[in-house]
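# Commentary on secondary and tertiary structure
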Amino acid sequence: MQTGRVAIIDIGSNSIRLVVYERANRSPLPVFNEKVLCGLARELDITGRLYAPGVEMALNNIERFAALTRNMQVARLDLLATAAVRDAADGADFVQRVEALTGLKTRIISGEEEARLSGLGVLCGIPGVDGVMGDLGGGSLELVGLSGAALGPSTTLPIGPLRLLTAGRDPKRAVEQAIAEVEWLERYRGRTFYPVGGAWRAFARLHMEKTGYPLHIIHQYAIPADQGRELAHIIAGQSLKSLEKMVGVSRRRLESLPLAALALERLLVALKPRQIVFSAFGLREGFYFSQLPEDERARHPLIAFAEDEGAHWRRFTLSPVEIFDWLTPIFAGESPSERILRLAACHLSDIGWDDHPDYRAVMAYERVLQLPAPGMNHRERATLALVMAWRYESNIRDRTVATALAVADSEAQSFARRLGTALRLAYNLSGGAPGLLPQTWLRRSEKLVELVVPAALRNHLGDVTGRRLAAVAAAFDLRHDVVFT
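Every value quoted in this text rests on a predicted model; they were computed, and no experiment measured them.

### Some thoughts on the nonpolar core
Generally speaking, nonpolar side chains in soluble globular proteins are found buried as a group. The biggest cluster of nonpolar side chains holds 63 residues, and the ones touching the most others in it are Ile 323, Trp 326, Leu 327 and Leu 423. No other element matches helix α20 (residues 410-430), which puts 10 residues into this core. When residues no more than four places from it in sequence are discounted, the contact partners of Trp 326 are Ala 422, Leu 425, Ala 426, Leu 429, Leu 437, Thr 440, Trp 441, Leu 442 and Leu 451. Counting residues in each nonpolar core, the second largest holds 44 residues, with Leu 206, Ala 260, Leu 264 and Ile 276 among its members.

Next comes the structure, spelled out in structure tokens:
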């Protein structure tokens, strides 16, 4: 992979989208994202050809997108075309016109490859997946089994909402028949369903509005399967006028949303999953993920983001790993998830240094709560944000962090307070300089949190150090002491 920014022009059945990433790595960060709804698959099942007005709109915008990437000095640009272009009789002609306009080759993705790449996108953004991914585009539905870091069986079905709208078929019957023919779905019953695609993201936003959910981030938004099925059944039966009155429904999605809800409902009936976890990562992220070296792919996505982006936010040379190792003795018994959050927090722990001192806690909290970072569910995201609040402030007001308190349970809140106060102590003791923390060490017993300090460093401790050690101990519901050796 080349260094520098990379970009994809995704030529889909409904939309043409340009996404520019800061770099191609384990945790791709978009710096530019724009789409145009062209509807290439409209009337495809009637005429067998791409929608003529949409073709001209698509070509104009692809030419513009290519020019934008040149101005952005993108190191690599890939053009990917999916269901509409591969299935249309004039798809090859369209690709030739794209090449004539841009001088670039367009890669037509097969249905099997589209499913694989979308599945890899989910693997890239959500560690430890177990279930089925469904990527619903305008022209097709891709399904793939997921287990840990492995892809299972896959299928592509020509039941995208845009095609069903004009196919002259009964949409419900077409969806039911197509899904019923996917025999391998039985093996994944009772696990998790991972929806991908714009129509299902719109469904997630609607569910957030309906339930008053406070954190409007789609990636890893999780809902019980029965709630999802109930809402999908309601939406599938709504008229356009009724949908227009619903808060959270984009006008651009009004036409396709009932059919997207129908497909979701039928899949939930077939899979009977425990829960639904939405993914903002899909084909584009999966495409770059597939080309990364093994060592990069092996990184945890949250840690990769924290390492890469945290380096830009640090004012000190104190190593995050040095902080992490110093804190480890008092976090004995932490879960694997907590250990990952602790390491990420160490990388992000200087994120608020350039804000006004009176607002550092709230700014660091909000920044981390809304990070465009994969690899953490909403509970973990809220926990990490609370860590940053405690790292910068010793007296957190509930109204300041109300969103995180609504998402994180009491156990997560307790962990966040412990880690945040411990980070606050680490920066006071070290002054942000390397080499000082390893000269002291923390230890925790059933009654005490102790700071062990060589006698030669006695004068390096101040009153603030004692108060911050006391705050750490209080977070563990223990007493504190300083031991000189």
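Having seen the model, we can carry on.
### Section: the pattern of salt bridges
This structure, assessed with the given rule, holds 27 salt bridges. Between Glu 34 and Arg 64 there is a salt bridge; the shortest N-O distance is 2.7 Å. Note that Glu 34 is positioned in strand β3 (residues 30-37) and Arg 64 in helix α2 (residues 52-71), a separation of 30 residues in sequence. Look at Glu 34 and you get partly exposed, because its relative accessible area is 23%. Here Arg 76 makes a salt bridge to Asp 78, at a shortest N to O gap of 2.7 Å. Both residues of the pair, Arg 76 and Asp 78, count as buried. It is possible to trace a salt-bridge network through shared partners that takes in Glu 296, Arg 299, Glu 307 and Asp 308.

### Observations concerning the sheet that holds strand β7 (residues 141-148)
Reading across the sheet, the 6 strands line up as β8-β7-β6-β9-β11-β10 and stay open at both edges, with mixed pairing between neighbours. Either end of the sheet is taken by a strand with one partner, and the two such strands are β8 (150-157) and β10 (222-224). For this sheet, the mean angle separating the axes of adjacent strands, direction not counted, is 20°. Docked against the sheet, helix α8 (residues 198-211) engages β6 (129-136), β7, β9 (192-196) and β10, running at close to 110° with respect to β6. Sheet contacts for helix α9 (residues 225-236): β10 and β11 (275-277); angle to β10, the most-contacted strand, approximately 85°.

### Quick look at unusual backbone geometry
A positive phi angle is found at Glu 43, which is not glycine, with a value near 70°. With respect to the element layout, Glu 43 can be found in the loop between β3 and α1 (44-47). Despite not being glycine, Lys 272 has its phi angle at roughly 45°, a positive value. Topologically, Lys 272 is positioned in the loop between α11 (257-271) and β11.

### A word on the pairing of β9
By the criterion of burial, β9 is predominantly enclosed, with 5 of the 5 residues buried. Here β9 shows a buried face lined by Thr 192, Tyr 194 and Val 196 and a second buried face lined by Phe 193 and Pro 195. Bridge count between β6 and β9: 5 bridges; the pairing is parallel. Bridging from a neighbouring strand, Gly 131 pairs with Thr 192 of β9. Both β9 and β11 contribute to a ladder of 2 bridges, which runs parallel. Each residue of the ladder has a partner; that of Phe 193, found in β11, is Ile 276.

Definitions and limits used
Residues numbered from 1 in each chain as written. Predicted model: local features only at pLDDT ≥ 70, side-chain atom pairs only at ≥ 80, totals over all residues. Heavy atoms only, no water. Core = buried A, V, L, I, M, F, W, Y, C linked by side-chain atoms within 4.5 Å. Buried < 20%, exposed > 50% of the residue type's maximum accessible area, 1.4 Å probe, protein only. Helix = DSSP H or I, 4+ residues; strand = E, 2+ residues; numbered from the N terminus. Contact = heavy atoms within 4.5 Å. Salt bridge = Lys/Arg side-chain N within 4 Å of Asp/Glu carboxyl O. Pairing = 2+ DSSP bridges. Axes fitted to C-alpha atoms, helices over the stretch in contact; angles between N-to-C directions.

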